[in-house]
Structure formats: C-alpha cells, structure tokens
Amino acid sequence: AQSVTQLDSQVPVFEEAPVELRCNYSSSVSVYLFWYVQYPNQGLQLLLKYLSGSTLVKGINGFEAEFNKSQTSFHLRKPSVHISDTAEYFCAVSVDQTGANNLFFGTGTRLTVIP
Amino acid sequence: ETGVTQSPTHLIKTRGQQVTLRCSSQSGHNTVSWYQQALGQGPQFIFQYYREEENGRGNFPPRFSGLQFPNYSSELNVNALELDDSALYLCASSLSRGAYSYNEQFFGPGTRLTVL
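This write-up is about the structure you can find in this document. A quick note: this is a predicted structure, and the numbers were derived from the prediction, not measured. Each chain has its residues counted from 1, running along the sequence as written. Key to labels: chains lettered from A, ligands numbered from 1, both in the order written. Selection of residues for local features in this predicted model requires a pLDDT of at least 70, selection of side-chain atom pairs for listing and counting requires 80 or more, and totals for whole chains, interfaces and linings are taken over all residues. Side-chain measures were taken over the full set of non-hydrogen atoms in the model, leaving aside hydrogen atoms and water.

### Re the overall build of chain B
Test applied: Helix and strand assignments follow DSSP, with helices taken as H or I runs no shorter than four residues and strands as E runs no shorter than two, numbered in order from the N terminus. When we talk radius of gyration, it's over C-alpha atoms, and the globule rule is simply 2.2 Å times the number of residues to the 0.38. To sort residues, take the accessible area from a 1.4 Å probe on protein chains only and compare it with the maximum for the residue type: under 20% means buried, over 50% means exposed, and anything in between is partly exposed. Whether two residues are in contact is decided by their heavy atoms: any pair within 4.5 Å suffices.
Regarding its fold elements, chain B presents zero helices and 11 strands. Counting helices and strands in the order they occur from the N terminus, chain B gives β-β-β-β-β-β-β-β-β-β-β. Scaling as 2.2 N^0.38, a compact globule of 116 residues should have a C-alpha radius of gyration of about 13 Å, and chain B matches this with 13 Å. Its C-alpha atoms put chain B at 40 × 25 × 25 Å along the principal axes. The buried share of chain B, reckoned over its 116 residues, is 51%. Here the contacts in chain B between residues at least 6 apart in sequence split such that 55% fall between residues at least 24 apart.

### Observations concerning the overall build of chain A
Counting secondary structure elements, chain A contains zero helices and 12 strands. Listing each helix as α and each strand as β along chain A from the N terminus yields β-β-β-β-β-β-β-β-β-β-β-β. At 14 Å, chain A has a C-alpha radius of gyration in line with the 13 Å of a compact globule built from 115 residues. Dimensions of chain A along its principal axes, counting C-alpha atoms only, are 45 × 30 × 20 Å. A buried classification covers 48% of the 115 residues belonging to chain A. By sequence separation, contacts in chain A at least 24 residues apart represent 56% of the contacts at least 6 residues apart.

### A short note on the interface of chain B and chain A
Definition in use: Values labelled buried area give the accessible surface lost by two parts on being combined, using a 1.4 Å probe and summing over both. A pair is scored as a salt bridge if a Lys or Arg side-chain nitrogen falls within 4 Å of a carboxyl oxygen belonging to Asp or Glu. N or O atoms within 3.5 Å of each other form a polar contact, as long as, within protein, one can give a hydrogen and the other can take it, and as long as residues adjacent in sequence are counted only when both atoms are side-chain atoms. As a working rule, the residues Ala, Val, Leu, Ile, Met, Phe, Trp, Tyr, Cys and Pro are called nonpolar, Asp, Glu, Lys and Arg charged, and the rest polar, with Gly in that last group.
If you look at the interface, chain B gives 22 residues, while chain A gives 22 residues. Summing both partners gives a buried area of about 1700 Å² for chain B against chain A, and 55% of it is carried by carbon and sulfur. Run the count over chain B and chain A and you get one salt bridge. Between E104(B) and K49(A) there is a salt bridge, and its shortest N-O distance comes to 2.9 Å. Between the two partners, chain B and chain A, sit three residue pairs in polar contact (both at pLDDT 80 or more). The set of elements that each furnish at least two residues to the side of chain B that touches chain A consists of β4 (31–37), β5 (44–50), β6 (53–57) and β9 (87–94) of chain B. Its residues assigned to classes, the side of chain B that touches chain A comprises 10 nonpolar, 11 polar and one charged.

### Concerning the environment of G53(A)
Residue and element names in this part refer to chain A. Within the secondary structure, G53 is located in the loop between β6 (44–50) and β7 (56–58). On the basis of relative accessible area, G53 is assigned to the exposed category, the value being 54%. Taking the C-alpha atoms as reference points, G53 and S30, 23 residues apart in sequence, are found 13 Å from one another.

### What to know about the nonpolar core
Put simply, the test is: Each nonpolar core is a collection of buried residues, namely Ala, Val, Leu, Ile, Met, Phe, Trp, Tyr and Cys, held together in the definition by side-chain atoms within 4.5 Å.
In terms of nonpolar packing, the biggest core is built from 29 residues, with L33(A), W35(A), L47(A), L48(A), F74(A), L76(A) and Y89(A) touching the most fellow members. Elements that contribute at least two residues to this core include exactly β2 (10–14), β3 (19–21), β5 (31–38), β6, β8 (64–68), β9 (73–78), β10 (87–95) and β12 (109–114) of chain A. With five residues, β10(A) is the largest single contributor of residues to this core. With sequence-adjacent residues up to four places away left out, L76(A) is seen in contact with V19(A), E20(A), L21(A), W35(A), L47(A), L48(A), F63(A), E64(A), A65(A) and Y89(A). Core analysis: the second largest hydrophobic core is formed by 20 residues, L11(B), Y49(B), A87(B) and V115(B) among them.

In structure tokens form, the structure reads like this:
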C-alpha cells in the first residue's frame, strides 16, 4: 500500500522569503511523485513531477522539488514566495502496477504568504 | 484546446437521494478518473475509466458507480446519499496509450456536493 504524509498542515511565510513544504511517502514499489496546487474554489494544477532521472525537478512558478529515495521524501521549495503563491499544496504518489495510475494524495499544506 | 469541465458546479441533495455528476475530458484524452475531496482533506481516488470500462477502483462502496461514453466523457453516480458524501468531487482526464503506462492527469474545477 502507498501513503503520503505532509508534515505541516499550515505554513505561514513572509513575502520574498524562502519556503519548504515537506512530503514523505511510503511504498513497497517504485513510485512517481507529484506536487499539485489548489487555489480557492478551483481544481488541482500540476506544479511538477518526478518520473525518473535527475532527482532535482523544476516546475512552474519557480518551484522545485528534490526526490530523496533513501529518506523517502519529495520536499517542495521556492527561494522567494509571492502573495499569489497563497494556496493549498498537495503531494501525491502514483504507482505503476495498478494499471489505473491513480494518485494517492497527502492531506495538504496551506501556504499563506504574509505581505 | 478545451480543458476538463464538470457540471454542475454546486449541488444540494438530501440523505437517501441519488446524484449524477458529469465530466467532459480534455480534448484528445481517453481516460477519466474521479476523486472525492472532503473538507480539509486531500483527494481520494474513487475509480478510473479507460475505453469505457472501469480500470481500477479505490475504497468506495458499490453505491458509487460510473460510466464512460464513446466520446470519453464520464458520469459519477452516487445512490442512497449519506451525510459523509458531502465533498468536492474532482474529475481528471489523461491520455493512455495502454492500461499500464503512466500519464499526466489534468483536473477539472470540481462539483461541490452538499448532502443535508
């Protein structure tokens, strides 16, 4: 079985400060890893994904994440946040054995950028 | 290119009723997945349809059922509604070139269902 743990439910940060949103996963098989963002009253938008290759993944809006297999982590980072980054962020994993390619999501981290 | 659309945007039902939610997949996509997102939680996988057949199911009871049509649009049906069914229901579409290949999912804005 797979599971995703987002260690922080809420992260307040001042504008232009760096931020790290933490994600740990558990799986007995190889996984694909994702970060999604959800703005109020909207669906999910893909920020970035790790499928294979380089463990440092760059996404949209200046976000990046690093896959660490030994620590089973996939933390999301941004060197300087903007007010517009205020949203809910979800880490998700997918496995390649079900055929359904369904995503297992964490419970989310609410990022609030303070002016 | 048209994105994933869902209807209706909001819906209010009472316990015991039945509901049908609809999803139009992104142009060119042949696979649709449904997720339930309860308040304050991450989305949970309900099921996926590929080539008009169910291609995987999460831990949801049989009163959650679905359909996929030849144009790849999809419906989610929930019978005998319970209070805990109140949630945001998200549809995601993707292009599969085989049942076992990973493919990026694009999400719609969701349908907010309230059960009273």
